[in-house]
Amino acid sequence: MEKLYQRLFFVLILCLPASQLVAQSLTGKITDQSGIAVSGASLHIQGLTSTVSNSTGEYFFKLPSKGSYRVKITSSLHQPQSQDVFVKGNKVSNFVLQPLGSVREEKSVTGSRRLVPVSNYESSTPVDIITSADLKMFAQKDVTQILNYAMQSFSSNRQSIAGGTDHIDPISLSGLGPDQVLILVNGKRRHSTALVNIDGTVGRGAAGTDMNSIPVSSIERIEILRSGASAQYGSDAVAGAINIILKSNSPFNMSMSFGQTASNTLGRNFNDGKTFQVDYSEGIDLAGRGSLNFSGQYLYRGATDRSGLDTRPLLYSALPKKKDCECDEAFQQRYGELKSADDQLALASGLSRDNMRVGNAESANGGFLVNGQFSLLKNAELYLTAGYTLKAGEAAGFSRLPSETTQIDLSMYPNGYLPLINSGITDLSVASGLRGRIAGWNYDLSHITGKNKIDFHISRSLNASLPLGTSPNNFNAGELSFRQNTSNLDISRRFAFSGPFKSVNAAFGAEYRSDNYEIGKGEELSYSFGQPSKGIPGRKMGSQYAQAGAQVFQGFTPGNALSQSRNNRAVYADFETEVGSRVRLGLAGRLENYSDFGSNFSYKSTGRYNFYKDYSVRAAYSTGFKAPSLHQRYFNNESSSIINGLPSRTLIANNESSIVNQFGIGSLRPELSNSYSFGLTGKITKNISIAADAYQIDIDDRIVLSGAYSRERDSNGAILPGGDVNQILNRVDPVGYINSVQFFANAVSTRTRGLDLLVSDRFKLRSPGQSITLSASLNLNKTTAGNIYVSDQISNNSTLTTKLFDRQERSRIESALPNSKVNLTANFAAKNWGMALRTVRFGEVAYNNPFNPAFPEVNTPLIPDQTFAAKWVTDLTMNYTFTNELNIAFGVSNLLDVYPDTLYMDPNNRQDNLSGDLLQNYTQSASRDHTANGRIPYSSNVTQFGFNGRHIFGKLTYSL
């Protein structure tokens, strides 16, 4: 690489005019904050040479030509620093280094249209900043997991047995959903994922953004605006915006890390979840007129498994039923003989009761990102950001036992099987633009295109409806795709005055955005009952029909396939003024017009008052909206089930379909919000800073995925003609082929209230060159669901009204995320080594069942609600610097091997329960908890911090 640079510079020198060949030099002095000279500091100019500061802190570079150079300074007792310096002739540039562990007032640009950033403690709205140093301090490997532990108001956890959501982590800011926080990259809107969460996870019914498609190595800092920002950035910014700022010209840096779990739970030891990660980042100078930064990441994450043992008494045959007039003693004897034979067969065949995989899915994630800019003229600059990520994942579903005759082919899987969902996720983004200054105005003209595509392939499965022995075991189940193109023109100017109004920053802009959402069908056998194209009927076993399609994930049918688009136009104005030296006021407004639902106007007002020394109060009020996504309007799929021996369909129906119209549900409307915040910021001492912000977010017409409207049936499975759902579905399905239906609807209003508190401190220890940084943060958050909006068709029926937004869906919004979060961090730095200790308290979460256990419905078992207690999770990392270029680190996440509370399990849910008593038998008891026959000991519906246990890792970093 060094030889390549030398050749490039040699060619460049030959091409330069003679006037450029005059020798240039860069000199200066390195000091610390107290003005004391720093000797032995290493200075490096990328692609050229290195030097070391002398005993008086002075340094010297001889350079080949004038131009812009990036200088990196490192010292074992100070924070590394990089700075661009333009050299013409003999340039003198001094540098002041910060001590290790120091608290700096990071500057942010998010939440304001001013080009000059301000301190996060001086902004009019709360903005948290996570630096690149913070990103690599602890054991977490990807963006969402890093923020989950570093940010008190951010939440994200990996899901298990949740289809595509196993591979794309849903996120939350201030207790709201994945699609109620806007993700920006370098201030530009990031496209969402193609996946809409339909399984029983946090964020159900929402389509968020895959933040993990952005390599951690490419990130300079992350700015989290905790204030409604629809008036500034448009739809989705109800809770705020997360702006990921990318590196523009970083020194060479490469790191490798290895790790795995070392945990004990459920009476077993676990050493799984192996991880291997490589990160790379390096910038190059473009002849002094710009720079280009390259970043890449490869992350392999092995699967983890924290499943329990199957509690079903029989694995190879159906559970027996008590005969008429058969006494319990005779039944148990008959049952025991069946079980003995079943156990012997399992032992001889090698069928284990550990037949599930509950934990992290296996994944391999590789991607790169390029970010750069190039000066065309004095006041005009081209910029480009392009990224590509490919992720391959393998997630397990529910195991199929030999006894489950409608889902299995014993000639293919005599001992059952565990089907797998394999996802291939492609993410592509390109942002380019021209920015500069003309006639006193700053301008930025840009275009961003982004695409997310998910392919589903099912393996170790079968289509049970095909003739025995003829089904394939791998299926292409279809694909989801989302594309977005956004064009922006932004102009701004700062006007300075001599009167009480010191300045006014005026900004105006326009945006055009187009979205496209597609569902691609799977191959025929992934969804078919039999094989209609070849005249092969579906398989029948006596009075029972086998289930259609690929087991675990039925493919998208031709009827599901679609391609839908929309566009929207927006204009905005944003003003910010300083009144005297103590007051800052802001006002913004934005008008949007969508092709599918019309217009919306949002506005925001902010204020900040410095009332005493470094103490200020700040407040904001904003209206906002979240446009219904194309996913929510048009997603549809179906799965087959066997009801009363006959195949039936379970639908998530398109919001525009005639079936949904029968329930009186019209086209989706935007969610409308009102946000309030009030805060206090200040410095208690020179090194102790504090910020406290309270907030309230009211949302009307919040979009949710309804509960399942199932046909009413008697105890024998026959349809009850007078049932309310039956009467509705019979209008479009008189033969009763559709058994249940779900749909998206503007169903509820919510109110979220919370408090964020941050305190940070830095002080030096008595020993020279040692320091410690302490920080603490707290988030209290509570969301309450209010009014339920129902149509006239179902408003007079309490059962139908309840199903639209039942207790389970309410708990996902109100209590599935921690109601509090405490983050305590201590970072100790010495000459050649450092240590970081962090502990996070994740507050309690709760899960409610669809039916109130105090009032069980007919044929519905009593299942208790459950609250999961708060837990502390502690991380520890130690690092040692051998040279300025080489660093090694070892660490442990979840040092104390903490797990969330286990799910409630009925005492009679055990494999040796052979009782024939209707209230005590195994079938009844297993239905009274959510452990899926004992196999899922930890909740997959509500999660605080996952359930993988202790993880140990090592990391080696080399930089120049």
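Everything numeric here is computed off the predicted structure, so don't read it as measured data. (Residues numbered from 1 in each chain as written. Predicted model: local features only at pLDDT ≥ 70, side-chain atom pairs only at ≥ 80, totals over all residues. Heavy atoms only, no water.)

Peer 1: Please provide a residue-by-residue account of the overall build of the chain, values included.
Peer 2: Scanning the chain from N- to C-terminus turns up eleven helices and 49 strands. For a compact globule of 960 residues, the expected C-alpha radius of gyration is about 30 Å, and the chain comes in at 31 Å, within 12% of that figure. For the chain, the proportion of its 960 residues judged to be buried stands at 57%. When contacts within the chain are restricted to residue pairs at least 6 apart in sequence, long-range pairs at least 24 apart make up 71% of them. (Helix = DSSP H or I, 4+ residues; strand = E, 2+ residues; numbered from the N terminus. Rg over C-alpha atoms; globule rule 2.2 N^0.38 Å. Buried < 20%, exposed > 50% of the residue type's maximum accessible area, 1.4 Å probe, protein only. Contact = heavy atoms within 4.5 Å.)

Peer 1: Which residues make up the confidence of the model for the chain, and what are the values?
Peer 2: Looking at the chain as a whole, the pLDDT averages 87, with 91% of positions reaching at least 70. Least confident of the elements in the chain is helix α1 (residues 2-15), whose mean pLDDT is 38; most confident is strand β26 (residues 441-459), at 96. Under a pLDDT of 50 for its full length, residues 1-22 has, in the predicted model, 14 contacts with residues more than four places off or in other chains. (pLDDT = per-residue confidence, 0-100.)

Peer 1: Can you explain the pattern of salt bridges? Please cite residues and give values.
Peer 2: Taken as a whole and assessed by the stated rule, the structure comprises 43 salt bridges. Its salt-bridge partner being Glu-809, residue Arg-204 comes within 2.7 Å of it at the nearest N-O pair. Here Glu-809 lies in helix α10 (residues 807-814) and Arg-204 lies in the loop between β15 (188-189) and β16 (219-225), a separation of 605 residues in the sequence. Glu-809 shares its class with Arg-204; the two are buried. Residues Lys-453 and Glu-479 are paired through a salt bridge, measuring 3.6 Å at the closest nitrogen-oxygen approach. Placement of the pair is Lys-453 in strand β26 and Glu-479 in strand β27 (residues 475-496), with a sequence separation of 26 residues. Each of Asp-515, Arg-566, Asp-596, Arg-633 and Glu-656 takes part in a single network of salt bridges with overlapping partners. (Salt bridge = Lys/Arg side-chain N within 4 Å of Asp/Glu carboxyl O.)

Peer 1: Would you mind going over the packing of aromatic side chains in detail, with residue names and values included?
Peer 2: Counting across every chain of the model gives 33 aromatic pairs. Relative to Tyr-615, the ring of Phe-611 has its centre 6.4 Å away and its plane inclined at 40°; by these criteria the two rings are tilted. With relative accessibility at 23%, the residue Tyr-615 sits in the partly exposed group. Centroid distance Tyr-621 to Tyr-676: 5.1 Å. Interplanar angle 45°. Geometry classified as tilted. Taken as a pair, Tyr-621 in strand β34 (residues 615-626) and Tyr-676 in strand β37 (residues 671-683) lie far apart in primary sequence, 55 residues in all. Grouped by ring-pair contacts, the aromatic residues Trp-441, Phe-495, Phe-508 and Phe-575 constitute a single cluster. Seen from the ring of Phe-953, Lys-141 lies directly overhead, with NZ or CZ sitting 5.1 Å from the centre. (Phe/Tyr/Trp six-rings, centres within 6.5 Å; stacked < 30°, edge-to-face > 60°. Lys NZ or Arg CZ within 6 Å of the ring centre and 35° of its normal.)

Peer 1: Mind laying out the nonpolar core, listing which residues take part and the relevant values?
Peer 2: Within the largest apolar cluster, 30 residues are counted, with the highest numbers of intra-cluster contacts made by Phe-456, Leu-480, Tyr-517 and Phe-635. Contributing elements (two or more residues each) for this core: β25 (420-438), β26, β27, β28 (501-520), α6 (630-634) and β38 (689-705). Looking at which element gives the most residues to this core, the answer is β27, with four residues. Excluding its chain neighbours within four sequence positions, the residues that come into contact with Phe-456 are Gly-164, Leu-195, Ile-421, Asn-422, Phe-475, Asn-476, Ala-477, Gly-478, Leu-480, Phe-553 and Phe-556. Of all hydrophobic cores here, the second largest spans 28 residues; its members include Leu-135, Ile-183, Ile-224 and Ile-242. (Core = buried A, V, L, I, M, F, W, Y, C linked by side-chain atoms within 4.5 Å.)

Peer 1: Lay out the pairing of β38 with the relevant residues and their values.
Peer 2: Burial runs high along β38: 13 of the 17 residues are buried. Relative to β38, β37 runs antiparallel, the two sharing twelve bridges. Looking at β38, one finds that Gly-682 is bridged to Ile-690. (Pairing = 2+ DSSP bridges.)

Peer 1: I'd like a rundown of helix α5 (residues 328-349), residues and numbers included.
Peer 2: Helix length check: α5 (22 residues) gives 31 Å between terminal C-alpha atoms against 32 Å at 1.5 Å per residue, within 8%. Along α5, the residues that are buried comprise Phe-331, Tyr-335, Lys-339, Asp-342 and Ala-346. In a view along the axis of α5, the buried residues occupy a sector of 70°, so they form one face of it. Facing away from the buried side of α5, by more than 90 degrees, are the exposed residues Glu-329, Gln-333, Glu-337, Gln-344, Leu-347 and Ala-348. (Expected span 1.5 Å × (residues − 1). Arc of directions from axis to C-beta.)

Peer 1: How would you explain the side chain of Arg-353 if you had to name every residue and give the values?
Peer 2: Locating Arg-353 in the fold gives a position in the loop between α5 and β23 (362-377). Looking at Arg-353, its side chain comes within polar contact range of the side chain of Gln-911, at 3.2 Å. Not counting residues up to four positions away in its chain, the partners in contact with Arg-353 are Gly-308, Leu-309, Asp-310, Thr-311, Arg-312, Pro-313, Leu-315, Lys-339, Asp-343 and Gln-911. (Polar contact = N/O pair within 3.5 Å; in protein donor to acceptor, adjacent residues only side chain to side chain.)

Peer 1: How would you summarise the sheet that holds strand β14 (residues 182-185) if you had to cite specific residues and measurements?
Peer 2: Taken in spatial order, the five strands of this open sheet run β11-β16-β17-β14-β15, and their pairing is mixed. Each edge of the open sheet carries a strand with a single partner, namely β11 (127-131) and β15. Of the pairings in the sheet, the one linking β14 to β15 comprises two bridges and is antiparallel in character. The residue bridging Leu-184 from the neighbouring strand is Arg-189, located in β15.

Peer 1: Please set out the environment of Leu-562 residue by residue, giving values where relevant.
Peer 2: Here Leu-562 is to be found in strand β31 (residues 562-579). We classify Leu-562 as buried; its relative accessible area is 17%. Separated by 115 residues in the primary sequence, Leu-562 and His-447 place their C-alpha atoms 26 Å from one another. Ignoring any residue separated from it by four or fewer positions in sequence, one finds Leu-562 in contact with Tyr-517, Glu-518, Ile-519, Tyr-634, Asn-636 and Asn-654.

Peer 1: So, the environment of Gln-297: which residues are in play, and what are the values?
Peer 2: By secondary structure assignment, the location of Gln-297 is in strand β22 (residues 290-301). You can call Gln-297 buried: its relative accessible area is 8%. Sequence separation between Gln-297 and Phe-851 is 554 residues, and the spatial gap between their C-alpha atoms is 46 Å. Of note is the side chain of Gln-297, whose polar atom sits 3.5 Å from the side chain of Gln-277.

Peer 1: Pulling in residues and values, what's your account of a nonpolar patch on the surface?
Peer 2: On the surface, Leu-445, Leu-489, Ile-491, Phe-508 and Phe-575 cluster together to form a nonpolar patch covering roughly 390 Å² of accessible area. Tracing the chain through its elements places Leu-445 in strand β26. (Patch = residues over 30% accessible without salt bridge, like charges linked within 9 Å, V, L, I, M, F, W, Y side chains within 5 Å. Areas by Shrake-Rupley, 256 points an atom, 1.4 Å probe, with all protein chains shown as cover.)

Peer 1: So, unusual backbone geometry: which residues are in play, and what are the values?
Peer 2: Excluding glycine, a negative phi dihedral is what most residues carry, and trans is how most peptide bonds are arranged. Positive phi values are uncommon outside glycine, yet Asp-701 reaches one of about 60°. Counting through the fold element by element, Asp-701 comes out in strand β38. The backbone of Asn-894 sits at a positive phi, close to 55°, despite the residue not being glycine. Positionally, Asn-894 belongs in the loop between β48 (886-893) and α11 (922-926).

Peer 1: Just give me the short version of the side chain of Asn-243, but keep the residues and values in it.
Peer 2: Inspection of the secondary structure assignment puts Asn-243 in strand β17 (residues 241-246). At a separation of 2.9 Å, a polar atom in the side chain of Asn-243 contacts the main-chain amide nitrogen of Gly-187.

Peer 1: So what about the state of the cysteines? Which residues, and what values?
Peer 2: Summed over the entire model, instances satisfying the criterion amount to zero disulfides. No disulfide involves Cys-325; its nearest neighbouring cysteine sulfur is the one of Cys-327, lying 11 Å away. Assessed through its relative accessible area of 86%, Cys-325 is described here as exposed. Residue Cys-327 is classed as partly exposed on the basis of its relative accessible area, which comes to 43%. (Disulfide = S-S within 2.5 Å.)

Peer 1: Any details on the environment of Leu-680? Residues and values, ideally.
Peer 2: Relative to the assigned elements, Leu-680 resides in strand β37. Considered as a pair, Leu-680 and Leu-757 are 77 residues apart in the sequence and their alpha carbons are 9.5 Å apart. Among residues more than four places away in sequence, those in contact with Leu-680 are Phe-611, Ser-616, Val-617, Ile-690, Ala-691 and Ala-692.

Peer 1: Summarise the pairing of β11; cite the residues concerned and give the values.
Peer 2: On a regular strand, each side chain points to the face opposite its neighbour's, so the side chains alternate between the two faces of the sheet. Of all the five residues making up β11, five are buried; the element is thus mostly covered by neighbouring parts of the structure. Both faces of β11 are covered, namely the face carrying Val-127, Ile-129 and Thr-131 and the face carrying Asp-128 and Ile-130. Looking at chain direction, β11 and β16 are connected through five bridges and run antiparallel. The partner of Asp-128 across the bridge, within β16, is Ile-224.

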